[in-house]
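Descriptive analysis of the structure
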Amino acid sequence: MSDTTHDGAIATSPPPSPDDGLSPSQLAAKYGLAVSGARPGLASYIRQLWGRRHFILAFSQAKLTAQYSQAKLGQLWQVATPLLNALVYFLIFGLILDADRGFSTEVYIPFLVTGVFVFTFTQSSVMAGVRAISGNLGLVRALHFPRASLPISFALQQLQQLLFSMIVLLAVVVGFGSYPSLSWLLVLPALALQFVFNTGLAMIMARLGSKTPDLAQLMPFVMRTWLYASGVMFSIPVMLADKPAWIADVLMYNPAAVYMDLIRFALIDGYGSENLPSHVWAAGLGWALLVGFAGFVYFWKAEERYGRG
């Protein structure tokens, strides 16, 4: 079919295309095209993460090294910060508010230091998770990689920091009369469960923080409330002995308290099983599996949306 133009030339209309009338999804299917950054299946996503394991480890180590690079004491602040917090809590709660009731000094000080170190592990993982995506948008937008690498890497960074601090924690425990025994080996599965829990929680916070950066300003208040409710500075059943029993039960089964109690029981000779809730290992395993799996799936569901908008 042809038309005559104003200067007399004949213009020929282009022939109809075989793609005319096809929708974008039909065109993509016809030519084997895929959406850029589309979320892979869960199994494929896990394989991609495993393939990036060296990146995850190297990224966490680099972040750990850079964390205190501008401070003169450098990595020593990894230990000094929780120790100073423990000292402040001891002065306020141990000496002034009598929160050490039920424990001798030889038990209370390792009890307090262990609680501060272990809770800081969870607290730091949560705070790092909130900023995992929103604080690394340049990396997210520039490179294609499974975004879960970031919150996992930050949780791993906090685990490495805790392991470094454990040297001082063990010295404190020994200094107050709790010497190495086979029970110390229980620290390893307890920390493994806490790491899985922390990683799942970091993933949940990473997804929430990616869309709501102001969450980073709110979380310190949430974490401070969680700290006071978890028995970091005092024994929950002793302090709440005159309250309804269900209040102490709820607080003792919260995950932060569970993981602190497991490690206290493993390290401190005077901290016996009577201070632990029943089935405490089952509670620790349950929290790790529930939050770890739910957090991973929740984060994966929004994989294609990170770094956009």
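Above: the structure in question.
**Notes on the overall build of the protein**
Check the secondary structure of the protein and you find 13 helices and 2 strands. For the protein, the proportion of its 309 residues judged to be buried stands at 44%. Summarising the internal contacts of the protein: among those between residues at least 6 apart in sequence, 76% fall at separations of at least 24. Here the protein has roughly 16100 Å² of accessible surface; of this, 67% comes from carbon and sulfur atoms.

**So, unusual backbone geometry**
If you check the backbone angles, His279 has positive phi at about 55 degrees while not being a glycine. Take His279: it is sitting in the loop between helix 12 (255-267) and helix 13 (280-300). Assessed through its relative accessible area of 65%, His279 is described here as exposed.

**Some thoughts on the packing of helix 8 (residues 187-211) against helix 9 (residues 215-229)**
Across the interface, helix 8 lies against helix 9 with an axial gap of 11 Å and an inter-helix angle of 145 degrees. Helix 9 is crossed by helix 8, and the crossing has right-handed handedness. The segment helix 8 lies against helix 9, with Phe197, Leu201, Met205, Leu208 and Gly209 engaging Leu215, Met219 and Trp226. A per-class count over the contact of helix 8 with helix 9 returns 7 nonpolar, 1 polar and no charged.

**Thoughts on the side chain of Ser149**
On the secondary structure map, Ser149 appears in helix 7 (residues 149-175). Within the structure, Ser149 has its side chain in polar contact with the backbone oxygen of Pro146 (distance 2.8 Å). Contacts of Ser149, omitting those with residues within four sequence positions, involve Leu49, Arg52, Phe55 and Ile56.

**Topic: a nonpolar patch on the surface**
The grouping of Leu84, Leu87, Val88, Leu91 and Ile92 at the surface amounts to a nonpolar patch, some 410 Å² of accessible area in total. Look at Leu87 and you get partly exposed, because its relative accessible area is 45%.

**What to know about the nonpolar core**
The biggest cluster of nonpolar side chains holds 84 residues, and the ones touching the most others in it are Tyr108, Phe119, Met219, Met233, Leu267 and Phe299. Counting residues per element, this core draws most heavily on helix 5 (residues 105-130), which supplies 15 residues.

**What to know about the environment of Phe111**
Here Phe111 shows up in helix 5. Its relative accessible area of 0% is what places Phe111 among the buried residues. Apart from residues lying up to four places away in sequence, Phe111 is in contact with Phe103, Gly231, Val232, Met233, Phe234, Ser235, Arg264, Ile268 and Tyr271.

**As for the environment of Phe154**
Position of Phe154 among the secondary structure elements: in helix 7. Phe154 sits 25 residues away from Gly129 along the chain, and the two C-alpha atoms are 6.8 Å apart.

**Digging into the side chain of Ser153**
Within the secondary structure, Ser153 is located in helix 7. A polar atom in the side chain of Ser153 sits 3.1 Å from the backbone nitrogen of Ser60. Once you skip the residues sitting within four places of it in the chain, Ser153 turns out to touch Ile56, Phe59 and Ser60.

**A few points about the packing of helix 5 against helix 12**
The interhelical angle for the contact between helix 5 and helix 12, taken along N-to-C directions, is 130 degrees, at an axis separation of 9 Å. Between helix 5 and helix 12, the angle is such that the two are oblique. Taken as a pair, helix 5 and helix 12 cross one another with a handedness that is right-handed. Facing Phe111, Thr114, Gly115, Val118 and Phe119 of helix 5, the residues of helix 12 in contact are Ala256, Tyr259, Met260, Ile263 and Arg264.

Thresholds, definitions, all that
For every chain, the first residue of the written sequence is number 1, and numbering continues from 1 onward in sequence order. Local features in this predicted model are restricted to residues whose pLDDT is 70 or higher, and side-chain atom pairs enter the listing and the counts only when it is 80 or higher, whereas totals over whole chains, interfaces and linings include all residues. In computing side-chain values, all of the structure's heavy atoms are included and hydrogens and water are not. A run of H or I in DSSP counts as a helix once it spans at least four residues, and a run of E counts as a strand once it spans at least two, with each numbered from the N terminus. A 1.4 Å probe rolled over the protein chains alone gives each residue an accessible area, and that area as a share of the maximum for its type sets the label: buried under 20%, exposed over 50%, partly exposed in between. Should any heavy atoms of two residues lie within 4.5 Å, those residues are counted as being in contact. Computed by Shrake-Rupley with a 1.4 Å probe, the accessible areas treat only the displayed protein chains as cover when residues are assessed. Axis definition: a line fit to C-alpha positions, over the contact stretch in the case of helices; interaxial angles, taken between N-to-C directions, run 0 to 180 degrees. The handedness criterion is simple: a crossing whose near helix is rotated anticlockwise from the far helix by less than a right angle is left-handed, and one whose near helix is rotated clockwise is right-handed. Residues are grouped as follows: Ala, Val, Leu, Ile, Met, Phe, Trp, Tyr, Cys and Pro are nonpolar; Asp, Glu, Lys and Arg are charged; all remaining types, including Gly, are polar. N or O atoms closer than or at 3.5 Å make up a polar contact, with two conditions inside protein: a donor-capable atom paired with an acceptor-capable one, and, for residues adjacent in sequence, both atoms drawn from side chains. Like charges are joined within 9 Å and nonpolar side chains (Val, Leu, Ile, Met, Phe, Trp, Tyr) within 5 Å, but only among residues with over 30% relative accessible area and no salt bridge; these make up the patches. In what follows, salt bridge is the name for a side-chain nitrogen of Lys or Arg lying within 4 Å of a carboxyl oxygen of Asp or Glu. Nonpolar cores were defined as sets of buried Ala, Val, Leu, Ile, Met, Phe, Trp, Tyr and Cys residues, with membership established by side-chain atoms within 4.5 Å. We call two directions roughly parallel when the angle between them is under 35 degrees, roughly antiparallel when it is over 145, roughly perpendicular when it lies between 65 and 115, and oblique otherwise.

Treat this as a map of the structure, not an account of what it does.
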